[in-house]
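# Notes for the structure review
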Amino acid sequence: MQAEASATPVACNAADLIRRAAALIFDVDGTLAETEELHRQAFNHAFSRHGLGWEWDRAVYKDLLRVTGGKERMRAYHARLRIAQPLTDEDIAELHRIKTAHYAELVETGCCPLRPGVAELLAAARARGQRLAIATTTSHGNIDALLSQALGPGWARVFDAIVAGDDVRHKKPAPDVYLEILARLKLTAHDCVAIEDSANGLIAASRAGIPVLITRSMFFRDDDFSAARAVLDDLSRLG
């Protein structure tokens with residue numbers, strides 16, 4: 001009973017934060033859906049197809065998630081191996097192409113639904129006239145694979161602005177994706193709320209001046225979220 005009572009004010013504060021915002025800006029991986037395990041499997045599939053002999057278990061992948069961006073993650077891992085001959089840009093691009101295609105195949109099986117409360121929050125926000133946006137380090141292809149399955153082929157009409165990792169010079173924890181979103185929405189930072197699941201996402205949004213609500217996810221549950229306005233296990237009951 002005591003835990004329940006202490007959780008209630010946090011949930012109420014989060015709901016107030018959400019409802020006062022002119023726009024809600026969502027991260028994708030880990031926030032809209034628990035996608036990271038599928039990404040890990042897709043990376044390993046690409047490594048196998050390419051004959052690299054790499055295998056990222058969950059512990060290794062959790063550590064590599066500190067590096068934002070799939071291509072950057074592969075380069076970082078390769079550098080750790082201290083192999084003299086680096087992978088070429090063409091190798092990295094081909095690995096990423098295979099990985100992205102396999103990720104889409106996995107998502108299409110329907111094994112990765114939206115996290116609890118996400119669909120309801122999107123619908124409630126639209127009903128209130130709030131604007132919705134996406135700010136992510138993942139690719140447009142990955143966003144489309146996930147949300148076409150979860151929200152249907154017209155999913156992009158739900159969002160007023162979508163900025164992916166390749167649309168900006170620097171990925172999270174740099175604030176670039178959030179600054180670009182604010183420019184496209186023509187809103188100030190304090191008009192918005194960013195919904196994130198990782199410390200890198202929290203830092204990126206905070207550097208852009210945007211208040212952050214954290215929804216804890218599988219790989220980032222132990223991150224430092226002390227700078228967030230609210231920290232919740234999921235987005236249920238916020239609509």
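Read on for an overview of the structure. None of the values given here were measured: they were computed from a predicted structure.

Packing of helix α5 (residues 89–107) against helix α7 (residues 140–151) brings their axes to within 9 Å, and their N-to-C directions diverge by 5 degrees. By the angle between their axes, α5 is roughly parallel relative to α7. Residues K99, T100, Y103, A104 and V107 of α5 lie in contact with α7, whose contacting residues are N142, A145, L146 and Q149. Across the contact of α5 with α7, the residue classes break down as five nonpolar, three polar and one charged.

Quick look at the packing of aromatic side chains now. Inspection of the entire model under this criterion finds 10 aromatic pairs. Aromatic pair W54 and Y77: ring centres 4.9 Å apart, planes at 70 degrees, arrangement edge-to-face. Remark: Y77 occurs in helix α4 (residues 70–80) and W54 occurs in the loop between α2 (36–49) and α3 (58–64); sequence separation between them is 23 residues. The buried category is assigned to W54, whose relative accessible area is 9%. The class for Y77 is buried, based on a relative accessible area of 15%. On the numbers, 6.2 Å between centres and 65 degrees between planes, the contact of W155 with F159 is edge-to-face. The buried category is assigned to W155, whose relative accessible area is 7%. The lysine or arginine in question, K99, covers the ring of F43, its NZ or CZ lying 4.7 Å from the ring centre.

Attention now goes to the state of the cysteines. Scanning the entire structure with this criterion turns up zero disulfides. We note that C112 lacks a disulfide partner, and the nearest cysteine sulfur, in C111, lies 6.0 Å from it. Accessibility expressed as a relative area gives 9% for C112, which makes it buried.

Reading the values: the criteria
Residues numbered from 1 in each chain as written. Predicted model: local features only at pLDDT ≥ 70, side-chain atom pairs only at ≥ 80, totals over all residues. Heavy atoms only, no water. Axes fitted to C-alpha atoms, helices over the stretch in contact; angles between N-to-C directions. Helix = DSSP H or I, 4+ residues; strand = E, 2+ residues; numbered from the N terminus. Parallel < 35°, antiparallel > 145°, perpendicular 65-115°, else oblique. Contact = heavy atoms within 4.5 Å. Nonpolar A, V, L, I, M, F, W, Y, C, P; charged D, E, K, R; others polar. Phe/Tyr/Trp six-rings, centres within 6.5 Å; stacked < 30°, edge-to-face > 60°. Buried < 20%, exposed > 50% of the residue type's maximum accessible area, 1.4 Å probe, protein only. Lys NZ or Arg CZ within 6 Å of the ring centre and 35° of its normal. Disulfide = S-S within 2.5 Å.

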